[in-house]
Each structure stands twice: as C-alpha cells, then as structure tokens.
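# Summary of structural features
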Amino acid sequence: VIDPFNKFLDRKRSLQKSVAAYCERRTPLSWKEMARDVWSMTQPHEVQQYHALLLKYKIPLDARAEKFFGRSLQSSIDVARKKRFSLQKFRRIAIFDQLTQAYSRYQYYLKCKEVLANYERRGKTFSLLSLDIDFFKSFNDTYGHAVGDTVLRFVAETIRRTIRKNDFLFRVGGEEFMVLLTETNHEQAIIVAGKVLRSVEQSSLKMMAEENAKAIIVKDESKRRDRITISIGVAEFVRDGKDLLTL
C-alpha cells in the first residue's frame, strides 16, 4: 500500500530537482519542458507549487512557455476553486437538512454528545423538545406533496424564530423535529414549548388560508385544514433520563 503522504513528499522532491536542474543552465525553459512537468501533476496545488518555484529561482521562460505558464496557472486555480466549492457543498449537505435547513439527524447526535460532556464538566443541564406535526399525512393527501414541503419549511422557520440563538433545531424524521435547549431546566422548557405551540398555530392561519384558496379541488372536504398544529414532548437531562435513549 502506498502512503499518500510519502507519495506527496516524493513528488515534491522530484519537482524541486527539476527546477534545480533548470537553475544550472542558461537557456530559457521551453513550453514543451514546462508542459511535460505540468502534465505529470495530478493536483492543482502541485501546479501552483511548481509555478512558485519557477518564480522564486527566477527561471527564464521562452515566449511560448510564458503563455503556457499563465494558462496552466489559471487552470489550476479554477480547479482548486471548484474543488473547494464542492467540499463546502457536501459539508453543508452533511450538516443541514436540505428542505428545512434545520440541522441533520447526524448533527443531533453530535451536538447531544457535546452538551453531555458539558454537563459532566460543568454540571450545566439541558432539555429536549420532541416535536411532531399533527396529521401531517393529510397535508400531502389533501393538498399534494409540494404543500407538505411548504408546511415542513414553515414549521422549521417558525420554531427557529421562537427559540434562542444558542438553542438548536434538528429534523430527525419525516415530520419529526428535535429542539435542544441548552442550560434549560424542565420548567423553562415547558414555557418554551408553549411559545412554540402558539407561534406555529397562530402564524399558520394566514398561510393555510392562502393554500385553501389555491386548492380548487379537494377530494375529502373533511380533511381541509385551516391551521397547522404540533405536539411536543419535553424532557430534562437527569430528571427524566440519564442518557439520550431514555430521554
């Protein structure tokens, strides 16, 4: 098995030898020689290191090599930017639920481990709210999945506006959310839960009025909704359970 780090060091030493050899001669570096060096490289940073060494040791270039130098450097920069953008995109997908922009289920477990460690070090308690949208399936059945997605985004945004900035909202299932309330006891968590319940229900009246106005055909009129309601469970660490599974 080839060690990637040692392979990188070998390529770097080879690159330095090539540039050192160019230093010992007086003729300018041709574009063919430069192309041979650049085309043997597999990573954008290798091309950039190569260019940096040429500039550092003031290696003379012929006219065609000058043009190739600029094009290859710009190309390596463009590739590096695309890679960085892709990494940022994949990182965001891993952290956030793409529909609601709440934190993902995986982040829920990571964050809970953090607050558990904080409790062990400093004794800072925390509470969890378990939220579920009531009769969510009826939104999809009555209005269609597009409205169901709108409801999920609306509920997530309303919860975010209601909780504090140092609290965390996670989407852990289809219509299921968890809220981590840092440094919050059971009584305080119940107050927050009440605020969230009222905020979602009251804020949804206007939205559902608009959706009902747009829904020309509804198969079952008894399923027509005029508001969104949620159910919330409240648990405080230690008081209601000493591990995440119990909570």
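What counts as what
Residues numbered from 1 in each chain as written. Predicted model: local features only at pLDDT ≥ 70, side-chain atom pairs only at ≥ 80, totals over all residues. Heavy atoms only, no water. Buried < 20%, exposed > 50% of the residue type's maximum accessible area, 1.4 Å probe, protein only. Helix = DSSP H or I, 4+ residues; strand = E, 2+ residues; numbered from the N terminus. Contact = heavy atoms within 4.5 Å. Pairing = 2+ DSSP bridges. Axes fitted to C-alpha atoms, helices over the stretch in contact; angles between N-to-C directions. Core = buried A, V, L, I, M, F, W, Y, C linked by side-chain atoms within 4.5 Å.

When you tally the buried positions in helix 6 (residues 136–143), you get six out of eight residues, the bulk of the element. The complete set of buried residues in helix 6 reads Phe136, Ser138, Phe139, Asn140, Thr142 and Tyr143. Turning to helix 6, the residues buried within the fold contact strand 1 (126–133), helix 7 (145–162) and helix 8 (186–214). Once helix 6 finishes, Gly144 follows within two positions and takes phi at roughly 105°, a positive value.

Strand order in this open sheet of four strands is 2-3-1-4, and the pairing throughout is antiparallel. Taken across any chain shown, the strands that pair with only one partner, and hence form the sheet edges, are strand 2 (168–171) and strand 4 (230–236). Recorded for the sheet is a direction-independent mean angle of 20° between the axes of neighbouring strands. Relative to strand 3 (residues 176–182), strand 1 is paired through seven bridges, and the arrangement is antiparallel. Residue pairing across strands places Asp132 opposite Glu176, the latter belonging to strand 3. Docked against the sheet, helix 5 (residues 105–122) engages strand 1, strand 2 and strand 3, running at close to 145° with respect to strand 2. Across the sheet, helix 8 lies against strand 1, strand 3 and strand 4, angled at about 165° from strand 4, the strand it touches most.

We now examine the nonpolar core. Grouped together as the largest cluster of nonpolar side chains are 28 residues, with contacts concentrated most on Ile133, Val151, Val155 and Ile228. If you list the elements that add at least two residues to this core, you get strand 1, helix 6, helix 7, strand 3 and helix 8. For Ile228, the contacting residues outside a window of four places in its chain are Ile133, Phe139, Val151, Phe154, Val155, Val200, Glu201, Ser204, Met207 and Met208. Grouped together as the second largest cluster of nonpolar side chains are 11 residues, Phe126, Phe170, Val172 and Met178 included.

The values are spatial; any link to function lies outside them.
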